[in-house]
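This is what each chain is made of:
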Amino acid sequence: MSRIGLFFASSTGNTRRIAKSIKKRFDDTTMAEALNVNKATAEMIAAYSHLIFGTSTLGGGQLPGLSTDCMGGGWEEFLPQLKDVDFTGKTVALFGLGDQDKYPDEFVDALGEIYHFVVVRGAKVVGAWPADDYDFISSKALVDGDFVGLALDQENQKMLTDSRVDTWLKLIAPEFGF
Ligand SMILES: Cc1cc2nc3c(=O)[nH]c(=O)nc-3n(C[C@H](O)[C@H](O)[C@H](O)COP(=O)(O)O)c2cc1C
């Protein structure tokens, strides 16, 4: 089995595209195909020691899911299925998409929600990302002034996405053994 599991939820496909572009950088023995959480199970998550989770923020600060028109569901439905998964010993890296211009008060909030969910269950979360190059008012994804994972904005900073992903993957590489 691949050592790294890559799971995402997405409404219009932006997060799916980023997840697939991350997977493209690695072979199948290193990383599994990016899988939509609406097709995932708790057993799959439990089987990996290293995980990358991707999410958009929808509905004004919410996790993607049925209530925000994600076909087949998203993290809103999947996180409750993970409530009994023990993340102790697991290394998790997070990336999140948002729109800092339209949603400056809830920028990438869902990233923060997933972070807190896995941290209380014992995960080691790596890949904190500086918030300097963004223009927003508040975000639940900030801890000690940094985002808890990679923040991406396809609406306003699409040109920066590729280099941000590359830099972030280098940042988490030592923890993920790439
Ligand atoms: C109805 C709606 C609500 C949104 N709410 C937020 C939000 O609260 N915070 C944020 O940062 N982005 C918000 N966004 C922006 C999305 O996160 C962004 O467009 C993202 O790229 C969508 O990715 P997806 O297609 O993978 O779901 C919202 C977008 C829509 C359409």
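Rules used in this analysis
- Residues numbered from 1 in each chain as written.
- Predicted model: local features only at pLDDT ≥ 70, side-chain atom pairs only at ≥ 80, totals over all residues.
- Heavy atoms only, no water.
- Core = buried A, V, L, I, M, F, W, Y, C linked by side-chain atoms within 4.5 Å.
- Buried < 20%, exposed > 50% of the residue type's maximum accessible area, 1.4 Å probe, protein only.
- Helix = DSSP H or I, 4+ residues; strand = E, 2+ residues; numbered from the N terminus.
- Near = heavy atom within 4 Å.
- Polar contact = N/O pair within 3.5 Å; in protein donor to acceptor, adjacent residues only side chain to side chain.
- Areas by Shrake-Rupley, 256 points an atom, 1.4 Å probe, with all protein chains shown as cover.
- Nonpolar A, V, L, I, M, F, W, Y, C, P; charged D, E, K, R; others polar.
- Contact = heavy atoms within 4.5 Å.
- Patch = residues over 30% accessible without salt bridge, like charges linked within 9 Å, V, L, I, M, F, W, Y side chains within 5 Å.
- Salt bridge = Lys/Arg side-chain N within 4 Å of Asp/Glu carboxyl O.
- Lys, Arg positive; Asp, Glu negative; His and termini not counted.
- Charge placed at Lys NZ, Arg CZ, Asp CG, Glu CD.
- Pairing = 2+ DSSP bridges.
- Right-handed = clockwise from strand over helix to strand, strands pointing away.
- Phe/Tyr/Trp six-rings, centres within 6.5 Å; stacked < 30°, edge-to-face > 60°.

Undergrad: I tried to follow the nonpolar core on my own but got confused; where do I start?
TA: Note on soluble globular proteins: their nonpolar side chains tend to be buried together. One finds Phe-53, Trp-75 and Phe-95 to be the most contacted residues of the largest nonpolar core, which totals 57 residues. By residue number, the principal contributor to this core is helix H4 (residues 109–120), which donates six residues.

Undergrad: I tried to follow the site of the ligand on my own but got confused; where do I start?
TA: Around the ligand lies a shell of 20 residues, among which Ser-10, Thr-12, Thr-15, Thr-57 and Gly-61 are the nearest. At a separation of 2.5 Å, an oxygen atom of the ligand approaches a polar side-chain atom of Thr-12. Contact with the protein chains removes 83% of the 650 Å² of surface that the ligand exposes when unbound. Its residues assigned to classes, the shell around the ligand shows five nonpolar, twelve polar and three charged.

Undergrad: Looking at this model, I keep getting lost on the side chain of His-50. Mind explaining?
TA: Relative to the elements of secondary structure, His-50 occurs in strand S3 (residues 50–56). Separated by 3.1 Å, the side chain of His-50 and the backbone oxygen of Glu-175 make a polar contact. Setting aside residues no more than four positions away along its own chain, His-50 makes contact with Arg-3, Ile-4, Gly-5, Thr-91, Glu-175 and Phe-176.

Undergrad: In this structure, what is going on with a positive patch on the surface? I would like to understand it.
TA: Positive charge collects at one region of the surface, where Arg-16, Arg-17, Lys-20, Lys-39 and Lys-158 lie side by side. Counting residues per element, the positive patch draws most heavily on helix H1 (residues 14–24), at three residues. Assignment of secondary structure puts Lys-39 in the loop between strand S2 (35–36) and helix H2 (42–47).

Undergrad: Sorry, what's going on with the pairing of strand S1 (residues 4–8) here?
TA: Where a strand is regular, its side chains alternate between the two sheet faces. Where burial is concerned, most of S1 is hidden: five out of the five residues are buried. Burial of S1 is two-sided: the residues Ile-4, Leu-6 and Phe-8 facing one way and the residues Gly-5 and Phe-7 facing the other way are all buried. The pairing of S1 with S3 spans five bridges and is parallel. Opposite Gly-5, over in S3, you have Leu-51 as the bridge partner. Regarding topology, H1 serves as the crossover connection from S1 to the parallel S2, and that connection is right-handed.

Undergrad: Honestly, the packing of aromatic side chains in this entry has me stumped. Any pointers?
TA: Think of a pair of aromatic rings as described by two things: how far the centres are apart, and how the planes are tilted against each other in angle. Overall, the coordinates contain twelve aromatic pairs when judged by the stated rule. Ring centres of Tyr-134 and Phe-147 lie 5.2 Å apart, and the angle between their planes is 85°; on these two criteria the pair is classed as edge-to-face. With a gap of 13 residues between them, Tyr-134 in the loop between strand S6 (129–130) and strand S7 (142–143) and Phe-147 in strand S8 (residues 146–147) connect regions that are remote in the sequence. Neither residue differs from the other here; Tyr-134 and Phe-147 are each classed as buried.

Undergrad: It is not clear to me how the side chain of Ser-139 should be interpreted in this structure. Could you clarify?
TA: Within the secondary structure, Ser-139 sits in the loop between S6 and S7. Among the polar contacts listed, one links the side chain of Ser-139 to the backbone nitrogen of Ala-141, at a separation of 3.0 Å. Dropping the residues within four chain positions of it, Ser-139 is found in contact with Phe-107, Val-108, Asp-109 and Phe-147.

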